[in-house]
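# Secondary and tertiary structure notes
Listed here are the chains, written in short residue letters.
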Amino acid sequence: MTDLSTLELLKSILGQALNLGERQHALQVDSELLGALPELDSMGVIHVVAALEEQFDISVDDEEISAETFATLGSLASYVEAKTA
Amino acid sequence: MPAAPACSPAWPFFLPAAEGTGARFCIYHAPRSGAGAGQVVSIAAGAAEIAASLNADIVPAITPATFVAVDSSSSDSASIHGEVPCRGALVMVHAFAEEMNRSRRMFAMQARALADAGFAVLLMDLYGCGDSSGDFGQARWDIWLADLVLARQWLALRTGMPVGFLGLRLGASLALQAAVQDPQPAGMVGPLILWQPVPRGDTYLTQFLRLQQAAYLLSTAGTEVALPGSAPAGEGEQATTLASARPDGEGSAALRKRLLAGQCVEVSGYLLAPALAASIDALNMATVAIPHNPIYWLDIAVDESTPIAAARQRSIESLERAGARLRFRQVRGPAFWASQEIAEAPALLAATLELLGNAP
């Protein structure tokens, strides 16, 4: 079960990294990210990874940058929680 | 009806650089008076001739009437007929690769705001970047440092003022090193404004190399996202054909191996040479030489009160322990150097001006 606070923190990180503006608040746990958010281009993906590393003090491996991790807000949150557990 | 400006607000020109490296595309913003009474650029006495020889045929728009020669015995820059005297001078140091392109608007806005506040500003495209000579694959860290030394000299001759740097991201690292490499006498030391500095070059290089992997990821996701030089998304047969044109999904580790083996790697349309990669990899704020200049570290975050990330905090503390005169400020705003849509961070512009205004 994804922690609500992780979701909220992730929304603000995504919002700032991708300059989503008001759309940040519309993100839900099942909101699709990769391939669905036009702001999520290659720079966006890398910037989000970098922001996650900084904010959560984790180290993301190359293999973990995948379609599965970035499928939805929920999958990203699960990934972060697993890395910070 | 508002009056037209007396001169153009910014002067583009090409500045000849070190032997064999061609010229650098520059834009100079002279300090402006708010009333639009015309632009006054002060030049230290004796330097006018040198400046003229440097700029012969380069800035034809600047006529002698727009210069006010400063008496060498006077410590004031021009303050005649209510025009804003030159308060200081800054060289703006752009970010690396695509971050440079995405931050152009912010740089232009900051340059104009600084000029309106009475600062002389020089923007320069570094070697291999923007409209300057050289291909990106030929760029080297040492050439970039030499470019900044040249820029500082040019602006110092033009204004007679202490020249500082405003660097964004990797540009901040360059600015710090340029200040150390080219130290100025007391009284002529300008401020170093660092926008979202990069704490560690190895982390930064990994992020840059991962762009290749991210591009591959996106090309295999549901929606085709246009990449530089790629064809638009197709259907059926066309999509199959596109598969062979997709970038390889090499991870950062694989690309690092190739760089170590002496191979250039192409990432996001940028050809990265092993020597430049090695220079970036070696950067570390924790071990950097400390310049005498006052340092203003500005971060842009989700909110002003967002806790500073551990790695950034460590870098700041390292600098302070090593004796840097450092002030930190965090403002709220988008990561404009990374966002796809051109983004603005007005709070950053305001904070920068405020810090410069209160500079000793």
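Structural notes, computed from the coordinates. Not measured: the values here are computed from a predicted model.

## Observations concerning the overall build of chain A
A tally of helices and strands in chain A yields 3 helices and 0 strands. Starting at the N terminus, the α and β elements of chain A follow one another as α-α-α. Taking 2.2 N^0.38 as the reference for a compact globule, 85 residues should give roughly 12 Å; the C-alpha atoms of chain A span a radius of gyration of 11 Å, in line with that estimate. Considered along the principal axes of its C-alpha atoms, chain A spans approximately 30 × 25 × 20 Å. A buried classification covers 58% of the 85 residues belonging to chain A. Partitioning the contacts of chain A with sequence separation of at least 6, the portion at a separation of at least 24 is 58%. For chain A, the exposed surface amounts to about 3700 Å²; the carbon and sulfur share of it is 51%.

## Digging into helix α11 (residues 346–357) of chain B
Residue and element names in this part refer to chain B. Counted at 1.5 Å a residue, the expected span for α11 with its 12 residues is 16 Å, and the 16 Å between its end C-alpha atoms agrees. Listing the buried residues of α11 in full gives L348, L349, A351, T352, L355 and L356. In a view along the axis of α11, the buried residues occupy a sector of 165°, so they form one face of it.

## What about the packing of aromatic side chains?
All names here are of chain B. This model, assessed by the stated rule, comprises 14 aromatic pairs over all chains. Plain terms: the ring middles of F96 and F208 are 5.0 Å apart, the flat faces sit at 75° to each other, and that makes the pair edge-to-face. A residue pair is termed long-range when its members are at least 10 positions apart, and F96 in the loop between β5 (88–93) and α2 (98–102) and F208 in helix α6 (residues 201–219) qualify at 112 residues. The burial state of F96 is the same as that of F208; both residues are buried. Each ring, one from F336 and one from W337, has its centre 5.2 Å from the other, and the planes form 80°; the classification is edge-to-face. Each member of the pair, F336 as well as W337, is classed as buried. An aromatic cluster of at least three residues, connected via ring pairs, comprises F96, F136, W141, W144, Y204, F208 and Y270.

## Notes on the interface of chain A and chain B
Taken residue by residue, the interface counts 29 residues in chain A and 33 residues in chain B. Taken together, both faces of the contact between chain A and chain B bury some 2600 Å²; the carbon and sulfur share is 58%. Among the residues of chain A in contact with chain B, Q16, M43 and D62 of chain A are the three that bury the most area, contributing 26% of the side total. Where chain A touches chain B, the interface holds 4 salt bridges. With a shortest N-O distance of 3.0 Å, R312 of chain B and E54 of chain A are connected by a salt bridge. Where chain A packs against chain B, one counts 13 residue pairs in polar contact (both at pLDDT 80 or more). Listing elements by their share of the side of chain A that touches chain B, those giving two or more residues are α1 (4–18) and α2 (42–56) of chain A. With 10 residues, α2 of chain A is the single largest residue contributor to the side of chain A that touches chain B.

Thresholds, definitions, all that
- Residues numbered from 1 in each chain as written.
- Chains lettered and ligands numbered in written order.
- Predicted model: local features only at pLDDT ≥ 70, side-chain atom pairs only at ≥ 80, totals over all residues.
- Heavy atoms only, no water.
- Helix = DSSP H or I, 4+ residues; strand = E, 2+ residues; numbered from the N terminus.
- Rg over C-alpha atoms; globule rule 2.2 N^0.38 Å.
- Buried < 20%, exposed > 50% of the residue type's maximum accessible area, 1.4 Å probe, protein only.
- Contact = heavy atoms within 4.5 Å.
- Areas by Shrake-Rupley, 256 points an atom, 1.4 Å probe, with all protein chains shown as cover.
- Expected span 1.5 Å × (residues − 1).
- Arc of directions from axis to C-beta.
- Phe/Tyr/Trp six-rings, centres within 6.5 Å; stacked < 30°, edge-to-face > 60°.
- Buried area = accessible area lost by both parts, 1.4 Å probe.
- Salt bridge = Lys/Arg side-chain N within 4 Å of Asp/Glu carboxyl O.
- Polar contact = N/O pair within 3.5 Å; in protein donor to acceptor, adjacent residues only side chain to side chain.

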